[in-house]
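Descriptive analysis of the structure
Letter by letter, the chains look like this.
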Amino acid sequence: MTVTMNGQTKRPRQDAACVDLFCGAGGLTHGLIEAGVRVVAGVDFDEACEYPYTENHKGIAFHKHDIAKLSASEVEQWFDNAPIRILAGCAPCQPFSTYSQRYDTVGTERWALLSHFARLAEELKPDILTMENVTTVTKHKVFDDFVARLKRLKYNVWYEDVDCVEYGIPQRRRRTVLLASLHGPIQLHEPHASEVRAVRDVLKSLPVLRHGGTDEEDPLHTAPRLSPLNLKRIKASKPGGSWRDWPKHLIAKCHTKKSGKTYPSVYGRMKWEEPAPTLTTQFYGFGNGRFGHPSQARGLSLREGAILQGFPLDYSFIPAGERIQFKVLGRLIGNAVPVELGRAIGASIIEHVNRYVGQPSLTTN
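The number of helices and strands found in the protein chain is eleven helices and twelve strands. Buried residues in the protein chain amount to 55% of all 365 residues. Sequence separation of at least 24 residues holds for 67% of the intrachain contacts in the protein chain that already meet a minimum separation of 6. Accessible surface, the protein chain: about 16800 Å² in total, of which carbon and sulfur atoms supply 49%.

With that settled, the discussion passes to the packing of helix H1 (residues 27-35) against helix H11 (residues 339-356). Remark: H1 packs on H11, axes separated minimally by 7 Å, with the N-to-C direction vectors making an angle of 45°. The angle between H1 and H11 places the two elements in the oblique class. Note that H1 runs across H11; the crossing there is right-handed. Of the residues in H11, those touching H1 at Gly27, Leu28, His30, Gly31, Leu32, Glu34 and Ala35 are Val339, Gly342, Arg343, Ile345, Gly346, Ala347 and Ile350. A breakdown of the residues in the contact of H1 with H11 according to their chemical character gives seven nonpolar, five polar and two charged.

Attention now moves to the confidence of the model for the protein chain. Residues with a pLDDT of 70 or more make up 87% of the protein chain, whose mean pLDDT is 88. Segment residues 93-108: pLDDT under 50, and 28 contacts once partners within four positions in sequence are set aside and those in other chains are kept.

Next up on the list: unusual backbone geometry. Of note in the backbone geometry, Asp80 takes a positive phi value of approximately 55° without being a glycine. Relative to the assigned elements, Asp80 resides in the loop between helix H3 (72-79) and strand S6 (84-89). A positive phi angle is found at Asn81, which is not glycine, with a value near 65°. Among the structural elements, Asn81 can be located in the loop between H3 and S6.

Let's shift gears to the sheet that holds strand S9 (residues 174-181). What the seven strands build is an open sheet, ordered S5-S4-S3-S6-S7-S9-S8; its pairing is mixed. Every interior strand has two partners, whereas the edge strands, strand S5 (61-64) and strand S8 (156-163), have only one. Across the sheet, the axes of successive neighbouring strands diverge by a mean angle of 15°, strand direction being ignored. By the bridge criterion, four bridges tie strand S4 (residues 39-44) to S5 in an arrangement that is parallel. Note that in S5 the partner of Val43 across the bridge is His63.

Turning our eyes to something else, we now look at helix H7 (residues 228-235). Buried within H7 we find Asn230, Arg233 and Ile234. Across the axial projection of H7, the buried residues extend over an arc of 95°, all falling on one side. Set apart from the buried face of H7 by more than 90 degrees, the exposed residues are Pro228, Lys232 and Lys235.

Within the largest apolar cluster, 60 residues are counted, with the highest numbers of intra-cluster contacts made by Leu203, Phe317 and Ile345. The dominant element in this core, judged by the number of residues it contributes, is H11, at seven residues. Counting residues in hydrophobic clusters, the runner-up holds 35 residues, among them Val40, Leu70, Met131 and Ala180.

So, about the packing of aromatic side chains. The tally for this structure, following the rule as stated, stands at ten aromatic pairs. Aromatic pair Tyr53 and Phe62: ring centres 6.0 Å apart, planes at 50°, arrangement tilted. Note on accessibility: Tyr53 and Phe62 belong to one class, buried. Grouping aromatic residues by their ring pairs yields a cluster made of Trp246, Tyr267 and Phe286. Directly above the aromatic system of Phe45 lies the positively charged group of Lys64, at a separation of 4.5 Å from the ring centroid. Across from the ring centre of Tyr267, 5.4 Å away, lies the NZ or CZ of Arg233, which sits over that ring.

Here the focus is the environment of Glu123. Relative to the helices and strands, Glu123 resides in helix H4 (residues 113-124). Under the relative-accessibility criterion, Glu123 is labelled partly exposed at 48%. When the C-alpha positions of Glu123 and Ala72 are compared, they lie 6.1 Å apart, and in sequence the two are 51 residues distant.

Analysis parameters
- Residues numbered from 1 in each chain as written.
- Predicted model: local features only at pLDDT ≥ 70, side-chain atom pairs only at ≥ 80, totals over all residues.
- Heavy atoms only, no water.
- Helix = DSSP H or I, 4+ residues; strand = E, 2+ residues; numbered from the N terminus.
- Buried < 20%, exposed > 50% of the residue type's maximum accessible area, 1.4 Å probe, protein only.
- Contact = heavy atoms within 4.5 Å.
- Areas by Shrake-Rupley, 256 points an atom, 1.4 Å probe, with all protein chains shown as cover.
- Axes fitted to C-alpha atoms, helices over the stretch in contact; angles between N-to-C directions.
- Parallel < 35°, antiparallel > 145°, perpendicular 65-115°, else oblique.
- Left-handed = near helix turned anticlockwise from the far one by under 90°.
- Nonpolar A, V, L, I, M, F, W, Y, C, P; charged D, E, K, R; others polar.
- pLDDT = per-residue confidence, 0-100.
- Pairing = 2+ DSSP bridges.
- Arc of directions from axis to C-beta.
- Core = buried A, V, L, I, M, F, W, Y, C linked by side-chain atoms within 4.5 Å.
- Phe/Tyr/Trp six-rings, centres within 6.5 Å; stacked < 30°, edge-to-face > 60°.
- Lys NZ or Arg CZ within 6 Å of the ring centre and 35° of its normal.

This is how it looks when you write it as structure tokens:
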């Protein structure tokens, strides 16, 4: 698969192959490909991921699979004897998020997914391995065990919290990125963004929408309908503000209580001149965070969320004519690895392979 960027066609080096575990809708895969990494397979248990993954990455196989039951021998076949093997695995972040208070549930199935990633690393011993997750993942024993297992396998391991804004992502999103290699020291390259990208930079050209409306040219550019009360609330909201800006008759009873006053970051509008807040899987809901449109009386559309995650404007998430399901598409978009972060990870891997393995990483026509 080739990718055209800035008028140039980049072909990934053919001696390396990457399998993307927990591939989701393809954010990481898309970024890796743009950086010159040859991705050969994506794996996810969520069947809703298959269409966007395969539709936007022609020729790359999608495997609906439970990672807990995935054998190393199956993954080995997907690598197809590539001399350089790369294993990517961004396990679902919800168990490690600050929104989840279940810090004592280390043995649950979802927490164990990181351990299954480590199991596959032990059995496959790929040349390079990468992982992305929420920053709080490093506070948990399962992460410490993961790193320890890699080091016992003689991997050079690097991980650090990354500010996505510094990598050109128009969103305040901090993530932990891990890179590991059997060939030598490896780390994410330094931030490249010369200036912070704001909401206006990426959303200003999209057609105006009413709440509950859909763009005729792009079905994904659709915003959920607001209740009459929430419509009054968003009209009373200031960019960068919250429910504290409203007249008293619009404030929810829960926010008038002492406990409710500690939640100021809901029912807010974004600011045109600043990056967006961290997108969640419910970014389309006005009441779920500072996800109100900066100037239009509505929440974010699904397309706007995808753009803030770095997906191209024409990235397809559902077949033509299929009904829009906010919960499903919000999950796919909100859980994605931002494309620009994936590109930075891919570029770091290519730079590392060039240095320690040799041979040109790609050709440019």
